[in-house]
Amino acid sequence: MIFPDRVLSGMRPTGAMHLGHYHGVLKNWVRLQSEYPCLFFVADWHALTTHYEETQRIGDDGWDMVIDWLASGVDPAKATIFIQSQVPEHAELFLLLSMVTPLGWLERVPTYKDQQQKLSDRDLSTYGFLGYPLMQAADILVYRATMVPVGEDQVPHIEMTREIARRFNHVFGNEPDFEAKSKVAVRKLGSEAKRFAELRTRYQEEGDADALKQARAIVDAALAVPLEDRERLFGSAEGAHRVILPEPAALLTKVSRMPGLDGQRMAKSYKNTIALREEPESVTKKIRTMPTDPARVRRIDPGEPELCPVWPLHQVYSDDATKQWVQTGCRTAGIGCLECKQPVIDAIVRELAPIRERAQRYLDNPALVRDIVADGCAKARAMAGETMRDVRSAMGLVQDQ
Ligand code: TRP
Ligand code: SF4
């Protein structure tokens, strides 16, 4: 790609994070931040699309969430952490993209009708709710992000983002003198110019995808050619337009279904969570009072781990020897349930200890968090500003004086 790798993801401000967020999302972010430049943001405008009647906590929930990102190891030295509503460029791009977004694309997004049905206690027949996948597209495209780590439910949104980018490039990437300019750009490829032109013809006339790939590789490698020209070359290889907004790819987050306290997936709405800042006493109490295989009424009744919500937690936290001990001990009534739960309690308390410690540092020093986010917002604005200059210019709008 001529656009450098850039990872972006956002989360609605849901307040303090729990182990489900940690195992499902945050560990993945922490891994990604050492591999790519990353941007992670609080999607507070997204919260408004469904919760516009109860907005009082959105701000505080955002701060709580950021504290837990930091406590989980998201590192402001590696990743840019910011709040969506502090970067107005998201809204500007959202507006501009809305001009070329057919209504049908939004109505067909699967979450549109789904959510309206699921959240039937709210009136979601609003313009904002219909438009939120487009807002998400703007979130991504305003940074020209190339990779977006998301769960499976979000994949249709990324797919739509790609369609929007393609449409935008198609409608606005046609400079009046594109042909002439791309000819000049081809010449700048020097010794590779001829091969590039041949590959382009092969792709455009024979649809040879491999030729397109090779043509892109040439442009990729031509580091001395200015970015503007490389955009043109990239576009001219595909058809006759400039790529202003690159199409992002979804980085599908492996479904790690962190089990909750009741055997269902851990989720706030199920009230079966352990928070990242949960105190050891509370962790202990929650696990000790967890339901077990109902067959084990008395200590002497044998049980079956497969029918017990504690077993999935052993699968997350225990080594093979412990798991074997559980299987045998449970089926022979050799161990009691409280005994069985202890290694899980210990593992969770151990896992949370460093997270709680880091969180405390930020709780004791809120200015530290504000500074991190202010710095992130400034960096994000600078990146978004670059894209918006290109977008305004492609659309023929007046630039800042
Ligand atoms: N819609 C996402 C969710 O509900 C959050 C989100 C908003 C997002 N903008 C984004 C995720 C951009 C990835 C990229 O989970
Ligand atoms: Fe569940 Fe363990 Fe009790 Fe068996 S011994 S029922 S696995 S808690």
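Residues numbered from 1 in each chain as written. Chains lettered and ligands numbered in written order. Predicted model: local features only at pLDDT ≥ 70, side-chain atom pairs only at ≥ 80, totals over all residues. Heavy atoms only, no water.

Trainee: How would you summarise the overall build of the protein if you had to cite specific residues and measurements?
Mentor: Assigned secondary structure in the protein consists of 17 helices and five strands. By principal-axis analysis of the C-alpha atoms, the protein measures approximately 85 × 45 × 40 Å. A fraction of 76% describes how many contacts in the protein between residues 6 or more apart in sequence connect residues 24 or more apart. Of the roughly 19,600 Å² of accessible surface on the protein, 52% is carried by carbon and sulfur atoms. Here the protein carries 51 positive and 56 negative side-chain charges, and the mean point of each set is 2 Å from the other. (Helix = DSSP H or I, 4+ residues; strand = E, 2+ residues; numbered from the N terminus. Contact = heavy atoms within 4.5 Å. Areas by Shrake-Rupley, 256 points an atom, 1.4 Å probe, with all protein chains shown as cover. Lys, Arg positive; Asp, Glu negative; His and termini not counted. Charge placed at Lys NZ, Arg CZ, Asp CG, Glu CD.)

Trainee: Got a sec to walk through the packing of helix α10 (residues 193-206) against helix α12 (residues 227-238)? Specific residues and values, please.
Mentor: Put simply, α10 and α12 touch, their axes get as near as 8 Å, and they point 40° apart. Relative to α12, the element α10 lies oblique. Of α12, the residues touching α10 (which contributes F196, R200, Y203 and Q204) are L233, S236, A237 and E238. A class-by-class count of the residues in the contact of α10 with α12 yields four nonpolar, two polar and two charged. (Axes fitted to C-alpha atoms, helices over the stretch in contact; angles between N-to-C directions. Parallel < 35°, antiparallel > 145°, perpendicular 65-115°, else oblique. Nonpolar A, V, L, I, M, F, W, Y, C, P; charged D, E, K, R; others polar.)

Trainee: Mind laying out the site of ligand 1, listing which residues take part and the relevant values?
Mentor: Around ligand 1, the structure places 13 residues, and the nearest of them are R12, H46, Q136, D139 and Q154. In the model, an oxygen atom of ligand 1 is placed 3.3 Å from a nitrogen or oxygen of the R12 side chain. Within the side chain of Q136, one N or O atom sits 3.1 Å away from a nitrogen atom of ligand 1. Here ligand 1, which alone exposes 370 Å², has 88% of that area covered by the protein. Counting residues per element, the ones that place at least two in the shell around ligand 1 are β1 (7-11), α7 (127-141) and β4 (147-150). (Near = heavy atom within 4 Å. Polar contact = N/O pair within 3.5 Å; in protein donor to acceptor, adjacent residues only side chain to side chain.)

Trainee: How would you explain the packing of helix α16 (residues 337-364) against helix α17 (residues 366-395) if you had to name every residue and give the values?
Mentor: Two quantities define a packed helix pair, namely the angle between the helix axes and the distance between the axes. At a minimum axis separation of 4 Å, α16 and α17 run at an interaxial angle of 90°. Considering their axes alone, α16 and α17 lie roughly perpendicular with respect to each other. Only P366, L368, V369 and I372 of α17 make contact with α16, whose side of the interface consists of R361, Y362, L363 and D364. Residue classes in the contact of α16 with α17 are distributed as six nonpolar, no polar and two charged.

Trainee: Before we move on, can you summarise the packing of aromatic side chains with the specific residues and values?
Mentor: Enumeration over the complete set of coordinates arrives at seven aromatic pairs. Above the plane of the ring of Y132 lies R12, whose end atom (NZ or CZ) is 5.2 Å from the centre. In this structure, R370 is placed above the aromatic ring of W63, and the distance from its NZ or CZ to the ring centre is 4.1 Å. (Phe/Tyr/Trp six-rings, centres within 6.5 Å; stacked < 30°, edge-to-face > 60°. Lys NZ or Arg CZ within 6 Å of the ring centre and 35° of its normal.)

Trainee: Any details on the layout of surface pockets? Residues and values, ideally.
Mentor: What the second largest pocket holds in volume is close to 230 Å³. Lining the second largest pocket are A91, F94, L95, S98, T101, L103, L106, Y127, L130, G131 and L134. For the lining of the second largest pocket, the secondary structure elements donating two or more residues are α4 (89-98), α5 (103-107) and α7. Residue classes in the lining of the second largest pocket are distributed as eight nonpolar, three polar and no charged. (1 Å grid on protein atoms, 1.4 Å probe; cavity = no way out; pocket = protein on both sides within 12 Å on 5 of 7 lines; lining within 4 Å. Points joined across faces, edges and corners; volume = space filled by probe spheres on them.)

Trainee: Break down the site of ligand 2 for me, citing the residues and quoting the values.
Mentor: Every residue lining ligand 2 is accounted for by T292, D293, R296, C308, V310, V326, C330, C337 and C340. Of all the cavities here, the one that holds ligand 2 is the largest cavity. Sorting the residues of the shell around ligand 2 by element identifies α15 (320-331) and α16 as the ones contributing at least two each. For the shell around ligand 2, the per-class residue count stands at six nonpolar, one polar and two charged. (Sits in = over half its atoms within 2 Å of the grid points.)

Remember that the coordinates give geometry; whether it matters functionally is a separate question.
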